[in-house]
Amino acid sequence: MSRQMSRRGAVKACALGLATVATPFVRRAAAADAMVVKLATATLNDAQHEWLKRFAAKIEKATDGRMKGQVYPASQLGAIPRMIEGTQLGSIQIWVGPPEFLVGVDQRFELLSAPGLFKNDQHSLKTVADPEFSKAFLALGANKGLIGASLFWTGPYAFDMRTPARTLADLKGKKIRVLASPFQTEQMARIGATGVPLTLGDVLPALQQGTLDGALGALPVFSALQYEGSAKYMTETSHAYIFSLAVLSKKWFDGLPPDLQAAVTKTADEAKAEAIPWALTFLEDQRKAWVAKGGEVIHLSEAEHAELMAKMAPIGDDIVKSKPVLKPMWDQLVAAAKRAA
């Protein structure tokens, strides 16, 4: 009986040993089988990049390693139009960028470029977080292969210029990069400048060569990409705001089992909740960094800013009148802004 018990103990010990040895192999096999989630954006070291990094870290934990995020900032997966197409086709699972670049998918994505709607940072944040507006806006690309997952904040508008713009007159006649939206090109027209739509990767070379005089965007983006060497004069106007939209590939998302769909949606919400306060802090940090690197931050006088807002405020209504398809969503945005005031 003693020999029998000894044999049983040996068998048990052997089994435990095999299990111990096998465990790392099982884990490695599970890691190898993890679904890769490609996350792409055109920018680097800003709120968009931060959202991607946080989503990637969280989705792996939320799915017990069944999903693994791979982050591709700085247009590593191609220019913005190519990344959007890749997301629609499913070769990229998530793209993050200004919704205005999706105007070819649906014209209503350009509405957030309208100037004069927001009084300050907090008002802009409360407006786009409005449940009624947010739900409608995130649904815009669904019939074109894109599912809105997060709408968050990059920062207030600023003109990054090769020469200082201390008054509106200093902007007249200048060639200024804008997003591909009439809401931005019209802004330039009303201050006597020319709006030049360019993808982000082409902006810095154009500033360096002098084919552009400046760019309309947000200070955190310009600072993170180190534009101060070519255009060191940053005039912050806050007449409008740049937002960022994370969109999922519908083809990819629809093919996920329900538990993974729920994990993706929940993780996107968590990444947004963390990205917004991060972006607010980052904005302040980058103002200081811009100056520390030799740049200058300029603000218009009270009278000049009032004149700018007077020129800009009618743009939204004027464009919507000529594009009736925009009106229902525009009315929702205006109503959300009033509720948030």
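See above for the structure.
Notes on the structure in this doc start here. (Residues numbered from 1 in each chain as written. Predicted model: local features only at pLDDT ≥ 70, side-chain atom pairs only at ≥ 80, totals over all residues. Heavy atoms only, no water.)

## A word on the overall build of the chain
Moving on, step 1. A count of helical and extended segments in the chain gives 13 helices and 9 strands.
Moving on, step 2. Here the C-alpha coordinates of the chain stretch approximately 100 × 45 × 35 Å along the principal axes.
Moving on, step 3. Counting the 341 residues in the chain, one finds 47% classified as buried.
Moving on, step 4. Long-range contacts, defined here as pairs at least 24 residues apart, represent 77% of the contacts in the chain between residues at least 6 apart.
Moving on, step 5. Summed over its atoms, the accessible surface of the chain is roughly 15300 Å², and 57% of this surface lies on carbon and sulfur atoms.
Moving on, step 6. For the chain, the centre of its 40 positive side-chain charges and the centre of its 33 negative side-chain charges are spaced 9 Å apart. (Helix = DSSP H or I, 4+ residues; strand = E, 2+ residues; numbered from the N terminus. Buried < 20%, exposed > 50% of the residue type's maximum accessible area, 1.4 Å probe, protein only. Contact = heavy atoms within 4.5 Å. Areas by Shrake-Rupley, 256 points an atom, 1.4 Å probe, with all protein chains shown as cover. Lys, Arg positive; Asp, Glu negative; His and termini not counted. Charge placed at Lys NZ, Arg CZ, Asp CG, Glu CD.)

## Topic: the packing of aromatic side chains
Moving on, step 1. On inspection of all chains with the given rule, the structure shows 9 aromatic pairs.
Moving on, step 2. Aromatic pair W51 and F55: ring centres 5.3 Å apart, planes at 15°, arrangement stacked. With W51 and F55 both in helix α2 (residues 47-62) and 4 residues apart, the pair spans about one turn of that helix. For the pair formed by W51 and F55, the shared burial category is buried. (Phe/Tyr/Trp six-rings, centres within 6.5 Å; stacked < 30°, edge-to-face > 60°.)

## Section: the packing of helix α4 (residues 121-128) against helix α13 (residues 327-340)
Moving on, step 1. Interhelical geometry of α4 versus α13 gives an angle of 125° and a closest axis separation of 8 Å. Of the possible angle classes, the one that applies to α4 and α13 is oblique. Between α4 and α13 lies a crossing whose hand is right-handed. Contacts from H123, K126 and T127 of α4 reach α13 at L333, A336, A337 and A340. (Axes fitted to C-alpha atoms, helices over the stretch in contact; angles between N-to-C directions. Parallel < 35°, antiparallel > 145°, perpendicular 65-115°, else oblique. Left-handed = near helix turned anticlockwise from the far one by under 90°.)

## Regarding α4
Moving on, step 1. Restricting attention to buried positions, one finds in α4 the residues H123, S124, L125, T127 and V128.
Moving on, step 2. Among the structural elements, α5 (131-138), β4 (146-161), β8 (233-249), α10 (258-292) and α13 are those in contact with the buried residues of α4.
Moving on, step 3. N-capping of α4 is provided by N120, with a side-chain oxygen placed 3.3 Å from the backbone N of Q122. (Polar contact = N/O pair within 3.5 Å; in protein donor to acceptor, adjacent residues only side chain to side chain.)

## Focus: the pairing of strand β7 (residues 214-218)
Moving on, step 1. Burial runs high along β7: 5 of the 5 residues are buried.
Moving on, step 2. Taking every second residue as pointing to the same face, both faces of β7 are buried, with G214, L216 and A218 on one and A215 and G217 on the other.
Moving on, step 3. Across 5 bridges, β4 lies against β7 in antiparallel orientation. Bridged to F159 within β7 is L216.
Moving on, step 4. Note that strand β5 (residues 175-178) and β7 share 2 bridges and pair parallel. Across the sheet, R177 pairs through a bridge with A215, a residue of β7. (Pairing = 2+ DSSP bridges.)

## A word on helix α3 (residues 80-89)
Moving on, step 1. Turning to α3, its buried residues number three or more, namely I80, M83, I84, G86 and T87. All buried residues of α3 lie within an arc of 160° about the axis, which places them on one face of the element.
Moving on, step 2. Buried residues in α3 make contact with β1 (35-41), β3 (94-97), β4 and β8.
Moving on, step 3. Looking one or two residues beyond α3, the residue adopting positive phi is G90, at roughly 100°. (Arc of directions from axis to C-beta.)

## Let's talk about the pairing of β1
Moving on, step 1. Direction of pairing for β1 relative to strand β2 (residues 67-72): parallel, over a ladder of 6 bridges. By the bridge assignment, K38 is partnered in β2 with Q70.
Moving on, step 2. Crossover handedness for the path β1 to α2 to β2: right-handed.
Moving on, step 3. By the bridge criterion, 3 bridges tie β1 to β3 in an arrangement that is parallel. The residue of β3 that forms the bridge with L39 is I94. (Right-handed = clockwise from strand over helix to strand, strands pointing away.)

## Thoughts on the nonpolar core
Moving on, step 1. One finds W51, F55 and I94 to be the most contacted residues of the largest nonpolar core, which totals 96 residues.
Moving on, step 2. The contact partners of F55, leaving out residues within four places of it in the chain, are V37, L39, I94, V264, T267, A268 and A271. (Core = buried A, V, L, I, M, F, W, Y, C linked by side-chain atoms within 4.5 Å.)

## Let's talk about the pattern of salt bridges
Moving on, step 1. Under the counting rule described, the total for this entry stands at 21 salt bridges.
Moving on, step 2. A salt bridge links K53 to E50; the nearest nitrogen and oxygen atoms lie 3.5 Å apart. In this pair, K53 and E50 both sit in helix α2, 3 residues apart, roughly one turn of the helix.
Moving on, step 3. On the accessibility criterion, E50 (11% relative accessible area) is buried.
Moving on, step 4. Its salt-bridge partner being R108, residue D106 comes within 2.8 Å of it at the nearest N-O pair.
Moving on, step 5. Taking relative accessible area as the criterion, R108 reaches 27% and is therefore assigned partly exposed.
Moving on, step 6. When salt bridges that share partners are traced, they join E50, K53, R54, K58 and E274 into one network. (Salt bridge = Lys/Arg side-chain N within 4 Å of Asp/Glu carboxyl O.)

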